[in-house]
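Geometric and topological summary
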Amino acid sequence: MTPGRTKITVPDALADGSKLQGVSATALWTLRNRAVEASRPDALIEDPWAIRLYEAISYDWDKFGQPSQSHALRARAFDKAVSTYLKRHPVATVVALGEGLQTTYWRLGRKDADWITVDLDPVIDLRAELLPKEPGMSALRMSALDREWLDHVDADHGVFICAEGLFMYLSRAEIVALIADCAKRFPGGQMIFDSIHPEFSERTMQGVKMSDRYTMPPMPFSLTVSQALRLRHEIPGVIRARDVMMPPGRGRMWKLRSLRPYASSPWVRNERPSITLLTFAGRPAHESR
């Protein structure tokens, strides 16, 4: 990996990344891509904790194929959405569903917001082993589909829900029901999630090999941008759906994807992956008094 801009300390004993299996292992894929990007002299993201995790985990990283800037750009788009909400609701609760090895909390530097990680045991264990404990952070060992996590969220000052790199592995029925439950429980809250294109979803159901040692998990859920924007008419409690653009990347195509007039044109919009920001009806409890 190209020497990065952030000096890190690598622990003597590396953590075993092979403890993550199935969909959970995709957390290692996205981590590798962010860390490699953050280590470039012309990095598109500043993510020192991603670099540290990458250096601290023993794993067959090359099985994920060539690194891509896509996950770093996606992370920056999510960062901006979270930051915008926290500017209006500084002590809101952020819930990161299926957070994996994301390091959003440290990139944002928002120590005054409560941050709840929801993920499965192996992921939570690896995060606890390698990431620092923070006063405002807590972790819930459960599936994002387990509604028990909703009872742990203080909604009085606003709630922002991140589902980065998660929904494509679930079914449409599961996702619609989850969004509706969140909208009902967290008035005035927001949720951001990303989707893959339907054609790519179909390919993953047949098996997409990233190398001779790794095949992508099936991704049954997909949305075009137009389909995502219609969710405000289809899910109770959702009053707004907005298409979120990724920031500019390297190369002509990555720059074009960030230009709204081009990327929102009818012949392009529904051919690209989407990031969608949903707004729930109502106002946080402290604003309703």
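Described in the following lines is the structure provided in the data block. (Residues numbered from 1 in each chain as written. Predicted model: local features only at pLDDT ≥ 70, side-chain atom pairs only at ≥ 80, totals over all residues. Heavy atoms only, no water.)

1. Some remarks on the nonpolar core
Grouped together as the largest cluster of nonpolar side chains are 51 residues, with contacts concentrated most on I57, L101 and I192. Discounting chain neighbours no more than four positions away, the residues touching I192 are A77, F78, A81, F160, I161, C162, A163, V244, I275, T276 and L277. In this structure, V95, M142, A144 and I175 belong to the second largest nonpolar core, which totals 35 residues. (Core = buried A, V, L, I, M, F, W, Y, C linked by side-chain atoms within 4.5 Å. Buried < 20%, exposed > 50% of the residue type's maximum accessible area, 1.4 Å probe, protein only. Contact = heavy atoms within 4.5 Å.)

2. A look at the sheet that holds strand β3 (residues 93–97)
Read across the open sheet, the seven strands follow the order β5-β4-β3-β6-β7-β11-β10; overall the sheet is mixed. Two strands close off the open sheet at either side, each with one partner strand: β5 (137–141) and β10 (238–243). Neighbour-to-neighbour, the strand axes of this sheet turn through a mean angle of 20°, independent of strand direction. Note: strand β7 (residues 190–195) against strand β11 (residues 274–280), six bridges, orientation antiparallel. The residue of β11 that forms the bridge with M191 is L278. Along the sheet, helix α3 (residues 70–88) contacts β3, β4 (114–119), β6 (159–163), β7 and β11; its crossing angle with β7, the most-contacted strand, is approximately 170°. The strands touched by helix α6 (residues 172–185) within the sheet are β3, β6, β7, β10 and β11, with β11 carrying the most contacts at an inclination of about 35°. (Pairing = 2+ DSSP bridges. Helix = DSSP H or I, 4+ residues; strand = E, 2+ residues; numbered from the N terminus. Axes fitted to C-alpha atoms, helices over the stretch in contact; angles between N-to-C directions.)

3. Quick word on the pairing of β11
With respect to burial, β11 is a largely interior element, seven of its seven residues being buried. Side-chain alternation along β11 places S274, T276, L278 and F280 on one buried face and I275, L277 and T279 on a second face that is also buried.

4. A look at the layout of surface pockets
Looking at the largest pocket, its volume works out to about 1100 Å³. As for the largest pocket, its lining consists of 49 residues, of which H71, R74, G165, M168 and D194 are closest to the centre. Here the element with the most residues in the lining of the largest pocket is helix α1 (residues 26–38); it accounts for five residues. (1 Å grid on protein atoms, 1.4 Å probe; cavity = no way out; pocket = protein on both sides within 12 Å on 5 of 7 lines; lining within 4 Å. Points joined across faces, edges and corners; volume = space filled by probe spheres on them.)

5. Some details on the pattern of salt bridges
Applying the stated rule across the entire model yields 17 salt bridges. We note a salt bridge from R213 to D60, for which the minimum N-O separation is 2.7 Å. One end of the pair, R213, is in the loop between β8 (209–211) and β9 (214–215); the other, D60, is in the loop between β2 (57–58) and α3, with 153 residues separating them in the sequence. We note a salt bridge from D243 to R272, for which the minimum N-O separation is 2.5 Å. In this pair, D243 sits in strand β10 while R272 sits in the loop between α12 (266–269) and β11, placing the two residues 29 residues apart along the sequence. (Salt bridge = Lys/Arg side-chain N within 4 Å of Asp/Glu carboxyl O.)

6. Topic: the packing of α1 against helix α2 (residues 48–56)
The interhelical angle for the contact between α1 and α2, taken along N-to-C directions, is 115°, at an axis separation of 8 Å. Between α1 and α2 the crossing geometry is left-handed. Between α1, through L31, R32, R34, A35, V36 and A38, and α2, the contact on the second element is made entirely by A50, I51, L53 and Y54. For the contact of α1 with α2, the class distribution of residues is eight nonpolar, no polar and two charged. (Left-handed = near helix turned anticlockwise from the far one by under 90°. Nonpolar A, V, L, I, M, F, W, Y, C, P; charged D, E, K, R; others polar.)

7. Details of the side chain of D79
In this fold, D79 is placed in helix α3. One polar contact links D79 to R107, side chain to side chain, over a distance of 2.7 Å. Ignoring anything within four residues of it in the chain, the contact list for D79 reads T104, R107 and L108. (Polar contact = N/O pair within 3.5 Å; in protein donor to acceptor, adjacent residues only side chain to side chain.)

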